Amino acid sequence: MSRIGRMPIAIPAGVEVKIDGNVVTVKGAKATLTREFHPNMNIAVEGNEILVTRPNDDKHNRALHGLTRSLVHNMVVGVTEGFKKELSVQGVGYRVAKQGKDLVMNLGYSHQVTMSEVEGITIDVPNPNTIIISGPDKQKVGQFAAEVREKRPPEPYKGKGIRYADEFVRRKEGKTGAKKK
């Protein structure tokens, strides 16, 4: 049995879970999330816990079991606490600012790079070198953070670019190690 799949999900106070067939709706203080799951997975609310079970030990069902439980758990955590990703901008002249609902970035290009907030995502810029992306949907937060990082990924020689706050960029030496004639 899947170790993750068989763990029950505790429903905190103030969270309402509604299951209609294979569609799960989780309503909390921060948001309401709805997601459709594979019809093979059995999702049930028992007391103040959500249990995810599988019909048999078929390989496909075993693969879906832990995934389904994790997705439901992320929905419950998202509507109560929410998720956030912190990005760090490094480089001379590289800076970010927020104008209205747009994120404006100076990243060493001849133009400014502008990204608009997506529905369900909030962007916060506490200082010119930090971007905080937050929201209730873990997948949307991670995807938007990846799209922002993609605008100027960190390079290995000087370390310039946009990186996750906890990301380590392995540095390279450069051409100084080359042999001279």
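Reference entry: report on the structure contained in this document. All figures in this text were calculated on a predicted structure; none of them were measured in a lab. (Residues numbered from 1 in each chain as written. Predicted model: local features only at pLDDT ≥ 70, side-chain atom pairs only at ≥ 80, totals over all residues. Heavy atoms only, no water.)

### Description of the side chain of His 65
Note the threshold: Helix numbers and strand numbers start at the N terminus; a helix is a DSSP run of H or I with at least 4 residues, a strand a run of E with at least 2. Partly exposed residues are those whose accessible area sits between 20% and 50% of the maximum for their type, while under 20% is buried and over 50% is exposed, using a 1.4 Å probe and protein chains only.
Summarising the element assignment, His 65 is placed in helix α1 (residues 59-80). Of the residues examined, His 65 reaches a relative accessible area of 0% and is grouped as buried.

### What about the sheet that holds strand β4 (residues 32-36)?
The test is simple: Following DSSP output, two strands are said to pair if at least two bridges run between them. Working convention: axes come from line fits to C-alpha atoms, limited for helices to the stretch in contact. Angles between N-to-C directions cover 0 to 180 degrees.
Strand order in the open sheet made by the three strands is β2-β3-β4, with antiparallel pairing throughout. The open sheet has two free edges, formed respectively by β2 (16-20) and β4, since each of these has just one partner strand. Across the sheet, the mean angle from the axis of one strand to that of its neighbour is 10°, orientation sign disregarded. Where β2 lies against strand β3 (residues 23-27), five bridges are found, and the strand directions are antiparallel. Looking across to β3, one finds that Asp 20 is bridged to Val 23.

### What about the pairing of β3?
Sheet faces and side chains relate simply in a regular strand, where the side chains alternate between the two faces. Following β2, the chain reverses through two residues before pairing antiparallel with β3; Gly 21 in that reversal takes a positive phi of roughly 70°. Bridging between β3 and β4 involves five bridges; their strand directions are antiparallel. Residue pairing for β4: Val 26 is matched across the bridge by Leu 33. Counting the residues that bridge the hairpin from β3 to β4 gives four residues.

### With respect to the pattern of salt bridges
Where we set the bar: Definition used for salt bridges: Asp or Glu carboxyl oxygen within 4 Å of a side-chain nitrogen of Lys or Arg.
All chains considered together, the criterion is met by four salt bridges. Arg 54 is paired through a salt bridge with Asp 57; the nearest N and O atoms lie 3.0 Å apart. Among the salt bridges present, the one from Arg 149 reaches Glu 167, with a minimum N-O distance of 2.7 Å. Highlighted residues: Arg 149 in helix α2 (residues 138-150) and Glu 167 in the segment after β13 (161-164), separated in sequence by 18 residues. Classification of Arg 149 by relative accessible area gives partly exposed; the value is 23%.

### A word on the sheet that holds strand β11 (residues 122-127)
Strands pair in a sheet through their backbones, by hydrogen bonds, and they do so in one of two ways: parallel or antiparallel. Going by this rule: Between two residues, a contact is recorded if the distance between any of their heavy atoms is within 4.5 Å.
Read across the open sheet, the four strands follow the order β11-β12-β7-β13; overall the sheet is antiparallel. Strand pairing shows two members of the sheet lacking a second neighbour, β11 and β13, which therefore form its edges. Strand-to-strand, the axes of this sheet are offset by a mean angle of 25°, without reference to chain direction. Note: β11 against strand β12 (residues 130-135), four bridges, orientation antiparallel. Each residue of the ladder has a partner; that of Asp 124, found in β12, is Ile 132. In this fold α2 packs onto β7 (83-90), β11, β12 and β13, with an angle of close to 10° to the strand it touches most, β7.

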